[in-house]
Each structure stands twice: as C-alpha cells, then as structure tokens.
Amino acid sequence: MAARSGSKRSSKPRKGRTTRTTAPSHLDLGIDLGTTRTVVARADRGNYPVLSFTDTNGDSHDYYPSLTALTEDGLVHGFRARQAARQGAPLLRSLKRALAAPSVSASSTVVLGDRTLSIGDVLISFLTDLREQLANSGVLDGADPGGEDANVVVAVPAHAYGAQRLLTLDAFRAAGFHVTAMLNEPSAAGFEYTHRKASTVSSRRTRVLVYDLGGGTFDTSLVDVNGAAHEVLASRGLGDLGGDDVDLLLAQLALSHASVDETALSATQLGDLLDQCRGVKEALAPQSRRMVIPVLDHDVVLPVADLYEVTTPLIQRSVDVMAPLVGRLEDGGPDLTEIAGIYLVGGASGLPLVPRMLREQFGRRVHRSPYPGASTAIGLAIAADRDADVRLTDRLSRGFGVFREADGGTRTSFDAILTEDSVQKGGGVSATVATRRYQAVHNVGRYRFVECAGVDDDGEPRGELAPYEDVLFPFDASLRDIEDLSSIPVRRTGGGPQMEERYEADESGLVRVTLTDLSDGHSRTYVLGHRTA
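Model, not experiment: these values are computed from the prediction. (Residues numbered from 1 in each chain as written. Predicted model: local features only at pLDDT ≥ 70, side-chain atom pairs only at ≥ 80, totals over all residues. Heavy atoms only, no water.)

## Observations regarding the nonpolar core
Right, so step 1: One finds Leu-127, Phe-177, Phe-400, Tyr-447 and Phe-449 to be the most contacted residues of the largest nonpolar core, which totals 93 residues.
Right, so step 2: Top contributing element to this core by residue count: helix α3 (residues 119-137), with 7 residues.
Right, so step 3: For Phe-400, the contacting residues outside a window of four places in its chain are Phe-414, Asp-415, Ala-416, Ile-417, Leu-418, Phe-449, Val-450, Cys-452, Tyr-468, Tyr-503, Val-511 and Val-513.
Right, so step 4: Counting 46 residues, the second largest nonpolar core, distinct from the first, contains Tyr-308, Val-319, Leu-325 and Phe-362. (Core = buried A, V, L, I, M, F, W, Y, C linked by side-chain atoms within 4.5 Å. Buried < 20%, exposed > 50% of the residue type's maximum accessible area, 1.4 Å probe, protein only. Helix = DSSP H or I, 4+ residues; strand = E, 2+ residues; numbered from the N terminus. Contact = heavy atoms within 4.5 Å.)

Listed below in structure tokens is the structure:
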C-alpha cells in the first residue's frame, strides 16, 4: 500500500515555518467509511495524500472495498471478499445502508449465507481488518492508528440518525482506532473545498454549497466560510439515494435489453454484473454516447441516453432536497449572490448527468472535486491535522424530542427539545442547550426520546420517527441501587422531587441528556439511551 499524492495545500513552504524532509512524528488520519468504498487520507506536512491499497493481484487502488464475505475460515473483507465472492462465497454489500435505517440498533442483524450476524460485529470486523491493512503496509511509517498520539477523524452522513453515529463511533474504537472526532461528511468536504479553491471565497461570496452523492447516500450542506472558520448553516440528506441505485438501474436496463430475467442469474453472476455496471458508469464522459455491458455470454450495447432517462428522477430528488438551502428570489430563480461555489463530491457525482443538471439550474459556479471519491477523506485529514488552522461549527440535521404525558396522563404530547438547526458543541463554540424543570409525579421516569426529520411550526415532528431506547430514571431515591428499572412497575405517586433535564448535542452530533434530582443533586447522563455517568 502506498500514498497517492495529489492533495497538496501548496507547493511552497508555509510562511514562518521550516520545510521538513522527514516524516511527521505524529499520525493524523481521515477515514471515510463509504457504502461501496472506504478511503483513507493522511496529513503530511501540509499535504493530504490518499493512501492506496493493494488488491489480490498486486494492483494498487486508492480505496478499500466496503465488502464482507463469509468463507469457511470466517469473515474476510475488502479485496479478499471480492475474490471470495467470485469463488461462490456469500457477499455482503452496502452495510452502511443497513446502518442508515431508522430502526437500527446495536442488536440489529444482517444475514450472510447461512449465518445471522450482528451489524456491530460485522462493522468491527471490517474496521479491524482495515486497521491491520494500514498497520502492516508500512505506509504509516510504523505509527499506530490506535496510539494515544494518533488523531483519527471519521465521518457519518449529515442526516445520520443518532444510532448510526453511535454504532460507527463505537465500532471504530472497538477496532483499535484512536478516534478524536466525528464529522458530517459534507462538512469535511467543505474543508477540502476551501483547501483547493480558497480564491473563490471572498467577503461578498462566503458560502459553499456541498453536494455529496456517494455510493449509497446523498448529503448536502450550506457552509459559511470566514477565514479558517467554517460554519454549517443547514444540512439535508437522503439515506436511500446513491451510486448503488444507478448501478442497479443500469443492470436492469442491460438485462431487459438482453431479454434475460434477473432470477436466471446466480448471486455471483448478479454481483459481477453490478460490478461491471459500476465500472461502465464510472468510465462515462460527457461525450459518451454508447455503453457496452457484458451479460452472461453476450455484450449488450446501450445508448447512454437510456441510462440518463431512468436516472433523471433520482438526481432530481437530490436537487429538490438541496433547493431549500440555496434560497430563492421572488421570481423563483436561485439567489446565488452569496454562493462562492456549489461543490460536487462523492463518487456518484462523476455521472455526467449530475453536473449537467446542476449547471442547468445553478450556472457556472458548479465545481467538481478533482478527487470526488476522496474529498471527504481529505477534508477529514485536514480536520485531523494538528498543524492546520481550521475550525468548524456544525448543526444537527434532525429534530429531537420526547413524548410526555399531558392532562394528568389522559393524553400524550410531543416536546420538541432540539431542532434540525441546533448548534453542535465543538470548534470553540458552545452547543445549543435546552433545559426542562418540573415536579416528578411517578416513582420511575420513562423517557421516550425520538429523532425526526424536523420540527414544524406547531412543534410537531415531521417525517419518519426513529425512537431511541427508553431511558429509565429513579424518581424514588430508594430505587437508585436497582440496576434494571424495567422490572419496576411505573406508578403515579402524585408528588416527587424537582427534576431538571439538560440537553445538548456533542461534537459528533450525539444528543447528551443529563437528568438531575434537584433535591439532592443525584444526576445521570445518557447518550442516545446509553448511560455514561
């Protein structure tokens, strides 16, 4: 494995510093866990090279496939998983999409062959393998990504539910990485934009709109740039839109053109077809007119226009999600007065239809990263770089609240605690803090916290609800030593201690809840339903 250069901050020594000729003494890494590809970048004296991985044939690639296969010897990952699948082993693709489900939890499972596996265990196994690949390659100069002096910054989609954030963070740490921060993917890409295109940002045009279309998810964020300070003003996203969907549509077109039913293909043949379609898609250029796709023993020739026709509704979904972040003039046209650029990142943004549709709507300020598939990893490496002067203020992209009893327990109401625009802690900025005080009227408090797409003007949740695990708190002080309060019947006492609830979002976008009995100061803190103190 070797480092691919191409992400330089400047070819000149930075003012006031001596140019180093030896490797840095510490390790600063950015890791983008992608739906189809995982990319790693390193901070190296003001440069941010993308690390390359060697496949089973000895060829070098600037990514590690996000694949897992089940063999007789157990789970294998990456390029070995792809090889095992071609020999008939069951293959798991797009684990990240399973993580994005609103109902995902630490106990969620996936089926691989004849085995049912925990999502968390599979993810830890994959990331452990990734760490071993990095450690054994020599490209890290012997530095340990799990060492206390390592800065490892990772990412999740901006629209990720809290459970996905916690599972991802826990899995990286369980795999031995010393994770010091978690960023939203388009926020990291914003760092990469200003790293490359700082000249487009001026006192009049300070905002960057990041369009991130990856293998399985779509994210967009509006970032305001003021020198080294990056402030995310708003984020939106879709957990079911990405390059995987384009590959599937192309495969269906090829099968239809060849008059072959999908059920006639084995799992290995279907996987090979999807890989072929991904390769054909990624090779498309704006001037491409024809595609050749092998289907069983025949080559199918398809017009590129056919692919664009069936994928236009998918891309339009992303444009529609992004539109509210731009703002509009009275005549309905986009107001780009303060927009320095619309930045296309993510591997799937390479589909020529994407910049074409965006330029039709937003004009010449649409820029595509020269390394779209690595943009997030490079931005994460910039964030990890302890010598870089960058700061980030981010916001939640989902609403958060709790269902409570009302009118003496005769009905239930929703208490919208944090909105999708609440500020996260980090970058020297204090988080949005919400508090509630009241007199408890039960022996045990059962808190039914949920995330939602947002909160409407009436304070009601919008979109699909994602419940956290119920949080139980002993209002009755005699119950504090009981480990499992779920066995205690909740009963109305009519009088109890004065309680305080305190809510804030931490640097990773996880909501931290502190419950305090004000009568004696007894306090417990929970993160997404998991007590930490």
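From this point, things continue past the structure.
## Considerations on the pairing of strand β8 (residues 68-71)
Right, so step 1: Bridge count between β8 and strand β9 (residues 74-77): 4 bridges; the pairing is antiparallel. Opposite Ala-69, over in β9, you have Val-76 as the bridge partner.
Right, so step 2: The hairpin turn running from β8 into β9, its antiparallel successor, is 2 residues long. (Pairing = 2+ DSSP bridges.)

## Thoughts on the pattern of salt bridges
When charged atoms on two side chains of opposite charge get close, those side chains can pair.
Right, so step 1: Under the defined criterion, the tally for this structure stands at 31 salt bridges.
Right, so step 2: A salt bridge links Arg-93 to Asp-275, with the nearest nitrogen and oxygen atoms 3.2 Å apart. Linking Arg-93 in the loop between β10 (91-92) and α2 (95-99) with Asp-275 in helix α7 (residues 267-282), this pair joins segments that are 182 residues apart in sequence.
Right, so step 3: Taking relative accessible area as the criterion, Arg-93 reaches 24% and is therefore assigned partly exposed.
Right, so step 4: In this structure, Asp-275 and Arg-278 form a salt bridge, with 3.2 Å as the shortest nitrogen-oxygen distance. Here Arg-278 and Asp-275 lie together in helix α7, a separation of 3 residues that amounts to about one turn.
Right, so step 5: In this structure, a network of salt bridges that share partners links the residues Arg-93, Asp-244, Asp-247, Asp-275, Arg-278 and Lys-281. (Salt bridge = Lys/Arg side-chain N within 4 Å of Asp/Glu carboxyl O.)

## Points about the environment of Asp-144
Right, so step 1: Along the chain, Asp-144 turns up in the loop between α3 and β13 (151-156).
Right, so step 2: Its relative accessible area of 38% is what places Asp-144 among the partly exposed residues.
Right, so step 3: Placed 95 residues apart in sequence, Asp-144 and Pro-49 show a C-alpha to C-alpha distance of 18 Å.
Right, so step 4: Here the side chain of Asp-144 touches Gly-146 through a polar contact of 2.9 Å, landing on its backbone nitrogen. (Polar contact = N/O pair within 3.5 Å; in protein donor to acceptor, adjacent residues only side chain to side chain.)

## Details of the sheet that holds strand β20 (residues 339-345)
Right, so step 1: Spatially, 6 strands are ordered β21-β20-β15-β16-β17-β22 in an open sheet, and the strand pairing comes out mixed. In the strand order of this sheet, the two ends are held by β21 (366-368) and β22 (391-393), each with one partner. Taken over all neighbouring pairs, the strand axes of this sheet differ in orientation by 25° on average, direction set aside.
Right, so step 2: Of the strand pairs in this sheet, strand β15 (residues 207-213) and strand β16 (residues 218-226) are connected by 7 bridges, and their pairing is antiparallel. Residue pairing in the sheet places Arg-207 in a bridge with Asp-224 of β16.
Right, so step 3: The strands touched by helix α5 (residues 185-196) within the sheet are β15, β16, β17 (229-238), β20, β21 and β22, with β20 carrying the most contacts at an inclination of about 115°. (Axes fitted to C-alpha atoms, helices over the stretch in contact; angles between N-to-C directions.)

## Here's the deal with the environment of Glu-483
Right, so step 1: Here Glu-483 shows up in the loop between β30 (471-474) and β31 (498-505).
Right, so step 2: A relative accessible area of 76% means that Glu-483 is categorised as exposed.
Right, so step 3: Linking Glu-483 and Pro-49, residues 434 residues apart in sequence, is a C-alpha distance of 49 Å.

## Focus: the packing of aromatic side chains
Right, so step 1: Overall, the coordinates contain 15 aromatic pairs when judged by the stated rule.
Right, so step 2: Taking 6.1 Å as the distance between ring centres and 45° as the angle between the ring planes, the aromatic pair formed by Tyr-63 and Phe-79 counts as tilted. Pair noted here: Tyr-63 is in the loop between β6 (60-61) and β7 (64-65) and Phe-79 is in helix α1 (residues 78-86), with a separation of 16 residues, a long-range link. Taken as a pair, Tyr-63 and Phe-79 share a single burial class, namely buried.
Right, so step 3: A centroid spacing of 6.0 Å and a plane angle of 55° characterise the contact between Phe-473 and Phe-475, whose relative ring orientation is tilted. Each member of the pair, Phe-473 together with Phe-475, is buried.
Right, so step 4: In this structure an aromatic cluster arises from ring pairing among Phe-400, Tyr-447, Phe-449, Tyr-468, Phe-473, Phe-475 and Tyr-503. (Phe/Tyr/Trp six-rings, centres within 6.5 Å; stacked < 30°, edge-to-face > 60°.)

Keep in mind these values describe shape, not function.
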